[in-house]
Amino acid sequence: MERTSVQKLARALRVMVMVVFVCNLITLFFVPALAAMFTENRWDGQTMARLLTGERIGFWMSFTIHSWNPVIWMLALTADDLYWPVLSLFLLSCGVCTAVILWQGRRVLDTILKGDPFVMDNAKSMKTAAMCCFAISGAALARLAWGFAYYRSIAPLLTYNALFVPIFLMGGLLFLVMSALFRQAAGIKAENDLTI
């Protein structure tokens, strides 16, 4: 059976989604270390180049593994150094939600590749993606509120967190609408299959 142009596009998109998914999972491993490095003002344009040279890769890996140690997190909390743990938790939660959204996208693309996109599983996948978008929006709103208390100014309104709140809220609403459309299409398809 010859593939349609939509299925060819779905195959290419599935490859791209899987590449981004794997990159997302790899990046999640480095989040606490990068957040700690960034907040300690050790980040400049040449830091990554120095870290990736042959003699420093071992240091970088040990630093990354060390940054996952719960004791380090507790020490940061007791030393009133809340910035990097809050940043790490925010980025980790957004990264996990993004991975779930990408996985749901892969599931939808799989049904398109099979030639049967109007199934209830796609409606469930879209609803799960919507919940993840709402979670990212809520995490951004919480970090924004934390930023107001931490800085005691309105400066956090000028950060990407303020932008994440409406963008992911609207993305979640869009996924809910698409979920309802897939649910309705699956119901109509099931009625037509019973009629025939």
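Keep in mind that what you see is a predicted model, and the values were worked out from it rather than measured. (Residues numbered from 1 in each chain as written. Predicted model: local features only at pLDDT ≥ 70, side-chain atom pairs only at ≥ 80, totals over all residues. Heavy atoms only, no water.)

## Focus: the overall build of the protein chain
How we decide: Think of it this way: any DSSP run of H or I at least four residues long counts as a helix, any run of E at least two long counts as a strand, and we number them from the N terminus. Each residue's exposure class comes from its accessible area (1.4 Å probe, protein chains only) as a fraction of the maximum for that residue type: buried when under 20%, exposed when over 50%, partly exposed otherwise. Pairs of residues are marked as contacts when any of their non-hydrogen atoms sit within 4.5 Å. Throughout, the Shrake-Rupley method with a 1.4 Å probe supplies accessible areas, and for residues the shown protein chains are the sole cover considered.
The helix and strand tally for the protein chain stands at seven helices and zero strands. Listing each helix as α and each strand as β along the protein chain from the N terminus yields α-α-α-α-α-α-α. Counting over 196 residues, the protein chain shows a buried share of 34%. Sequence separation of 24 or more characterises 74% of the internal contacts of the protein chain that already satisfy a separation of 6 or more. Accessible area of the protein chain: about 12,200 Å², with a carbon and sulfur share of 72%.

## So, unusual backbone geometry
Even without glycine at this site, Arg152 takes up a positive phi of about 55°. Structurally, Arg152 can be placed in the loop between helix H6 (120–151) and helix H7 (160–195).

## Digging into the state of the cysteines
Under the convention used in this document: The term disulfide is used for any two cysteine sulfur atoms that are within 2.5 Å.
Tallying each qualifying case throughout the model produces zero disulfides. Considering cysteine sulfurs only, Cys132 is the nearest to Cys133, which forms no disulfide, with 7.3 Å between them. Using a relative accessible area of 4% as the deciding quantity, one classes Cys133 as buried.

## Here we look at helix H5 (residues 83–114)
For the record, the criterion: The length a helix should cover is 1.5 Å for every residue beyond the first.
With 32 residues, H5 extends 47 Å from end C-alpha to end C-alpha; this agrees with the ideal 46 Å at 1.5 Å per step. Of the residues trailing H5, Gly115 is marked for its positive phi of about 85°.

## A word on the pattern of salt bridges
Selection rule: A side-chain nitrogen of Lys or Arg and a carboxyl oxygen of Asp or Glu constitute a salt bridge if their distance falls within 4 Å.
For the structure shown, the criterion picks out three salt bridges. Of the charged contacts, one joins Arg14 and Asp110 as a salt bridge, the two residues approaching to 2.4 Å between their closest N and O atoms. Residue Arg14 is found in helix H1 (residues 5–39), and its partner Asp110 is found in helix H5; the two are separated by 96 residues along the sequence. Between Lys189 and Asp116 there is a salt bridge, with the nearest N and O atoms lying 3.2 Å from each other. Note that Lys189 is positioned in helix H7 and Asp116 in the loop between H5 and H6, a separation of 73 residues in sequence. Since its relative accessible area comes to 29%, Lys189 is described here as partly exposed. On the accessibility criterion, Asp116 (29% relative accessible area) is partly exposed.

## A word on the packing of aromatic side chains
To describe a pair of aromatic rings, one takes the distance between the centres and the angle between the planes. Applied cut-off: Two aromatic rings, drawn from Phe, Tyr or Trp (for Trp, its six-membered ring), form a pair once their centres lie within 6.5 Å of each other, and the interplanar angle then sorts them: stacked below 30 degrees, edge-to-face above 60, tilted otherwise. Think of it as a cone above the ring: NZ of Lys or CZ of Arg counts as a charge over the ring if it is within 6 Å of the ring centre and within 35 degrees of the ring normal.
A full pass over the atoms with the stated rule returns nine aromatic pairs. When the ring of Tyr150 is compared with that of Tyr151, the centres are 5.0 Å apart and the planes differ by 85°; the resulting orientation is edge-to-face. Looking at Tyr151, the relative accessible area reads 44%, which means it is partly exposed. Counting every residue linked through ring pairs, the aromatic cluster contains Phe90, Tyr160, Phe164 and Phe168. Here Arg106 stacks its cationic end above the ring of Trp103, 3.9 Å away from the centre of that ring.

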